[in-house]
Each structure stands twice: as C-alpha cells, then as structure tokens.
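Structural overview
Next come the chains, spelled out residue by residue.
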Amino acid sequence: EPEVTQTPSHQVTQMGQEVILRCVPISNHLYFYWYRQILGQKVEFLVSFYNNEISEKSEIFDDQFSVERPDGSNFTLKIRSTKLEDSAMYFCASMGLAGTSREQYFGPGTRLTVT
Amino acid sequence: AQKITQTQPGMFVQEKEAVTLDCTYDTSDQSYGLFWYKQPSSGEMIFLIYQGSYDEQNATEGRYSLNFQKARKSANLVISASQLGDSAMYFCATTWLRGADGLTFGKGTHLIIQP
C-alpha cells in the first residue's frame, strides 16, 4: 500500500539554525501539505502546495518557513532560523485529485526539538 | 473561517461498548468535508472516515460511522463494539472542498478503552 514517508524521524537542532524536513508524498498525488503539532495540542495547518506553488498558507507560516518540491518526488519544509517554540511534530500529507477521495494521507511525522 | 469544537477532552469506556465522540463545526461555506483521524500513542495520524456536506447518507467504514446532522452542524463519530486497540486521541477536522485547502482540526478527545 502506498504511503507518505518523512525523514528524519527526529531532528535536534540549536536555536537559530536552519533545518530542512523532508517528505516523499504518494507518487500520483497532486496536493501536498505540512502540518505541525506542538506536544499535547491539536494539529495545525501550515501550508498547502499544488502545481509547484503555494496554494494556501496559515498565519503560522511566516517568512522563516519555506517549501519546495525540488524534484518529482521530494517535498521539503525549511525553517530558516529555528526558535524554541518551533519544537513540535511536523506532519507531511498528500492528497490525490480534488473532487474524488478527499482523504489526506499523513506521513509518520518528524519530531523537531529546538534547544 | 472554520472552527471545530470537541467538548470531550477525555472518555473512559468499557470494552465492547459503543462510543460516541462529539464534534461540532462552524463554517461559512456550503461545500465542505468532515473527517475523523485517530492518533495512537505512537503519534501517527490515521484516517478513519470522511463525510461530504452534500452526502445525504451517513458515512460508514467498518466499525466507524459518522452521525452527520447538518442543521445542527454536528459530525459525531460512532465506534461500535469498542476494542482495547481503539484507545487513542481522536481528532475531528474540516476543510472547504475547493482544491488544496488545509484541514482545520479540533483539540481532540482522548479515548481510553477499559477491559
């Protein structure tokens, strides 16, 4: 069964450092997403990506965040200068054609710890 | 704007009993989807069930059913014959059905099934 994969599973970084979280969405999917979940809290939408550009972003997704699909398979989230409050689980998700199944398939997540 | 309200932070249920997890939503759009995801202690997000706003019949997936009451803006999840493996966090979510919109999640309900 196809699945979304994410690397690394856990990333520890120092405040102010740049991190890149990587995702490989399901191969024939067209819509890609990043979400975050601060420990013990709800899942929050960050950004959606379609046709090689950002489709929608939340107010959390400020200038320190960026997304990229550098090739036909990877989808990355970059945090330019990490802050302590960026510590969270980051989930990538993908979806097939809109109008059919609306299920967003989530990856297993990357736990980011900023020290 | 969209909002999901889950009023049950935690629930204890005896094994084999049916469970109803409450979810109410607020959205200004006529075309929207409602989702339930399960998050076990391992952290992954597992899709359970989807209901579109124009679907006249309640969605069902195995032991899961979604009690969709449009006039009351509620989308409760019903789990029949609960099992110990159902112990997890359960999140209700919604999105507008227009391309790549992200999911808006509720705060979740922590369900514990007791033997």
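Heads up: the structure comes first, above all this text.
Just so you know, these numbers come straight off a predicted model, no measurement behind them.

Attention now moves to the state of the cysteines. Residue and element names in this part refer to chain A. A complete count under the given rule lists two disulfides over all chains for this structure. One disulfide in the model links Cys 23 with Cys 92; its S-S distance is 1.9 Å. One disulfide, between Cys 23 and Cys 92, carries an S-S torsion of -60° and so falls in the left-handed class. Here the residue Cys 23 occupies a position in strand β3 (residues 19–24), and Cys 92 occupies one in strand β9 (residues 88–95), the gap between them amounting to 69 residues.

Moving on, we come to unusual backbone geometry. The omega torsion of the bond from A:Thr7 to A:Pro8 falls at -10°, within 30 degrees of zero and hence cis. Residue placement: A:Pro8 occurs in the loop between β1 (5–7) and β2 (10–13). If you check the backbone angles, A:Asn51 has positive phi at about 55° while not being a glycine. Looking at the secondary structure, you find A:Asn51 in the loop between β5 (44–50) and β6 (53–57). You will see that B:Ala81, though not glycine, has its phi angle at about 45°, which is positive.

Before going further, it helps to examine the pairing of β3(A). All names here are of chain A. Across the two faces of β3 the burial differs, with Val 19, Leu 21 and Cys 23 buried and Ile 20, Arg 22 and Val 24 not buried at all. When β1 meets β3, the two strands line up antiparallel, connected through three bridges. Directly across from Thr 7, in β3, lies its bridge partner Arg 22.

Residues and elements named next belong to chain B. On strand β8 (residues 64–69), burial follows the alternation: Tyr 64, Leu 66 and Phe 68 on one face are buried, whereas Ser 65, Asn 67 and Gln 69 on the facing-out side are not. Sheet topology note: the strand β7 (residues 60–61)/β8 ladder contains two bridges and is antiparallel. Bridged to Glu 61 within β8 is Tyr 64. Two successive antiparallel strands, β7 and β8, enclose a turn made up of two residues, where Gly 62 displays a positive phi of approximately 60°. In terms of strand pairing, β8 meets strand β9 (residues 74–79) through six bridges, oriented antiparallel. Following the sheet pairing, Gln 69 is matched in β9 by Ser 74.

Estimates place the volume of the largest pocket at around 500 Å³. For the lining of the largest pocket, the secondary-structure elements that each account for two or more residues are β5 of chain A together with β1 (2–5) and β11 (104–105) of chain B. Sort the elements by how many residues they give to the lining of the largest pocket and β1(B) lands first, with four residues. Its residues assigned to classes, the lining of the largest pocket shows eight nonpolar, six polar and seven charged. A volume near 330 Å³ is recorded for the second largest pocket. Lining the second largest pocket are 17 residues, with A:Gln37, A:Leu39, A:Gly40, B:Gln39 and B:Pro40 sitting closest to its centre. Counting residues per element, the lining of the second largest pocket draws most heavily on strand β10 (residues 88–96) of chain B, which supplies three residues.

Taken residue by residue, the interface counts 19 residues in chain A and 20 residues in chain B. Between chain A and chain B, roughly 1,600 Å² of surface is buried when both sides are summed, and carbon and sulfur atoms account for 59% of that area. Interface area lost by chain A to chain B is led by A:Lys42, A:Arg102 and A:Phe106, which between them contribute 36%. Joining chain A to chain B, the criterion identifies zero salt bridges. For the pair chain A and chain B, the number of links is four residue pairs in polar contact (both at pLDDT 80 or more). In terms of residues, the side of chain A that touches chain B owes the most to one element, strand β4 (residues 31–37) of chain A, which gives four residues.

Cut-offs applied
- Residues numbered from 1 in each chain as written.
- Chains lettered and ligands numbered in written order.
- Predicted model: local features only at pLDDT ≥ 70, side-chain atom pairs only at ≥ 80, totals over all residues.
- Heavy atoms only, no water.
- Disulfide = S-S within 2.5 Å.
- Helix = DSSP H or I, 4+ residues; strand = E, 2+ residues; numbered from the N terminus.
- Buried < 20%, exposed > 50% of the residue type's maximum accessible area, 1.4 Å probe, protein only.
- Pairing = 2+ DSSP bridges.
- 1 Å grid on protein atoms, 1.4 Å probe; cavity = no way out; pocket = protein on both sides within 12 Å on 5 of 7 lines; lining within 4 Å.
- Points joined across faces, edges and corners; volume = space filled by probe spheres on them.
- Nonpolar A, V, L, I, M, F, W, Y, C, P; charged D, E, K, R; others polar.
- Contact = heavy atoms within 4.5 Å.
- Buried area = accessible area lost by both parts, 1.4 Å probe.
- Salt bridge = Lys/Arg side-chain N within 4 Å of Asp/Glu carboxyl O.
- Polar contact = N/O pair within 3.5 Å; in protein donor to acceptor, adjacent residues only side chain to side chain.

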